[in-house]
Amino acid sequence: MGPTDSTPCPAGSGNCSLTVGFDLDMTLIDSRPGIKVVYQELSARTGTFIDADLAASRLGPPLEQEIRHWFLEEKVAETAALFRELYPQYAVAASPAVPGAREAVDAMHATGGRAIVVTAKYEPNAKLHLEHLGLDVDALFGSLWAEGKAEALRKHHAQVYVGDHIGDVVGAHTAGALSVTVATGPCDATELRNAGAEVVLADLTEFPSWLERYVTEGADGGDGAAT
């Protein structure tokens, strides 16, 4: 399903109603270093082998999905709870913003619009990342994945959703939003395009110029999207 409510704000509008949703992991923040350390600590505490590099390389889906690669089903819930308990101590300070993250949020606010974060991450931990990095977003929704992200996107009438995973493309389209993706996560540009993303950017440093085209020209922002 393609976007059905992605009309941009009028050019030069002083009261732009545009709302853009952003994913968190590997879209706004590079959480791989921090998450790797959490998995290493989790492995040490449980005595269970976890390939922390591999686990940190495939971020996007809910935590429980990754935990199932290493633990029996009856241990998944308690292990995920331990991961989330360890997370603030080991992951937050170790996870930087990606290049262009702050500028992307600022660009949204400069249009008079709103920037919201919709992520599969446990919401209290997602909030810690935003506070630590000083990313001033207008709303945060956690524990939502793929089609589930549409719940928050629809609530805030988001016309655009920016993510790095094919699951983010699904979430955008389920909400009737334009799917803008960045090739900074586990899915490369070809995978994102093949999944139906209307716009594929190399990274968030390209977002402000894309946004300017989107607001002034409409459609998907004109030429310049990476492929």
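Up top you'll find the structure we're talking about.
Since we're looking at a predicted model, the values are computed, not measured.

> Looking at this model, I keep getting lost on helix α6 (residues 123–133). Mind explaining?
Side chains that are three or four residues apart share a direction in an α-helix, a result of its 3.6 residues per turn. Among the residues of α6, Asn 125, Ala 126, His 129, Leu 130 and Leu 133 are the ones counted as buried. Buried residues in α6, looked at end-on, bunch into an arc of 145°, giving them a common side. Lining the buried residues of α6 we find α4 (73–90), α5 (101–110), β2 (114–118) and β3 (139–141). Once α6 finishes, Gly 134 follows within two positions and takes phi at roughly 70°, a positive value.

> Would you mind going over the layout of surface pockets with me for this structure?
Unfilled space is identified by rolling a water-sized probe across the atoms. For the largest pocket, the calculated volume is near 400 Å³. Surrounding the largest pocket, 28 residues form its lining, Leu 59, Gly 60, Pro 61, Pro 62 and Leu 63 being those nearest its centre. Mapped onto the lining of the largest pocket, the elements with two or more residues apiece are α1 (32–46), α3 (63–67) and α4. A breakdown of the residues in the lining of the largest pocket according to their chemical character gives 13 nonpolar, 6 polar and 9 charged.

> Explanation requested: the nonpolar core in the structure shown.
Buried together is how nonpolar side chains tend to be arranged in soluble globular proteins. Judged by nonpolar contacts, the single largest core of 33 residues is most densely connected at Phe 22, Leu 28, Leu 204, Phe 207, Trp 210 and Leu 211. Looking at this core, the elements with two or more residues in it are β1 (19–22), α5, β2, α6, β4 (160–163), β5 (178–182), β6 (199–201) and α10 (207–217). With residues near it in sequence (within four places) discarded, Leu 28 still touches Phe 22, Asp 23, Ala 97, Val 98, Ala 101, Val 105, Val 117, Leu 135 and Leu 204. Counting 21 residues, the second-largest nonpolar core is a separate cluster that includes Ala 55, Ala 56, Phe 83 and Leu 86.

> Explanation requested: the pattern of salt bridges in the structure shown.
Inspection of the entire model under this criterion finds 10 salt bridges. The salt bridge involving Lys 121 is made with Asp 25; its shortest N-O contact spans 3.1 Å. Residue Lys 121 is found in the loop between β2 and α6, and its partner Asp 25 is found in the loop between β1 and α1; the two are separated by 96 residues along the sequence. Overall, the relative accessible area of 12% leaves Asp 25 in the buried class. Connected via shared salt-bridge partners are Asp 23, Lys 149 and Asp 168.

> I would appreciate a short explanation of the side chain of Ser 43 in the present structure.
Looking at the element boundaries, Ser 43 is found in helix α1. In contact with Ser 43, not counting residues within four places along its chain, are Thr 48, Phe 49 and Ile 50.

> Quick question: what am I supposed to make of the packing of aromatic side chains here?
Aromatic ring pairs are described here by two measures, namely the spacing of the ring centres and the angle between the planes. By the definition in use, this model includes 6 aromatic pairs. On the basis of an interplanar angle of 35° and a centroid distance of 5.7 Å, the ring pair of Phe 207 and Trp 210 is categorised as tilted. With Phe 207 and Trp 210 both in helix α10, this residue pair falls 3 residues apart, about one helical turn. The pair Phe 207 / Trp 210 is uniform in exposure class, with both members buried. Judged by centre distance (4.9 Å) and plane angle (15°), the rings of Trp 210 and Tyr 214 are stacked. With a gap of 4 residues between them, Trp 210 and Tyr 214 both fall in helix α10, about one helical turn apart. Summarising the burial analysis for this pair, Trp 210 and Tyr 214 share the class buried. Put simply, the rings of Phe 22, Phe 207, Trp 210 and Tyr 214 touch in pairs and so form one group of aromatic residues.

Definitions and limits used
Residues numbered from 1 in each chain as written. Predicted model: local features only at pLDDT ≥ 70, side-chain atom pairs only at ≥ 80, totals over all residues. Heavy atoms only, no water. Buried < 20%, exposed > 50% of the residue type's maximum accessible area, 1.4 Å probe, protein only. Helix = DSSP H or I, 4+ residues; strand = E, 2+ residues; numbered from the N terminus. Arc of directions from axis to C-beta. Contact = heavy atoms within 4.5 Å. 1 Å grid on protein atoms, 1.4 Å probe; cavity = no way out; pocket = protein on both sides within 12 Å on 5 of 7 lines; lining within 4 Å. Points joined across faces, edges and corners; volume = space filled by probe spheres on them. Nonpolar A, V, L, I, M, F, W, Y, C, P; charged D, E, K, R; others polar. Core = buried A, V, L, I, M, F, W, Y, C linked by side-chain atoms within 4.5 Å. Salt bridge = Lys/Arg side-chain N within 4 Å of Asp/Glu carboxyl O. Phe/Tyr/Trp six-rings, centres within 6.5 Å; stacked < 30°, edge-to-face > 60°.

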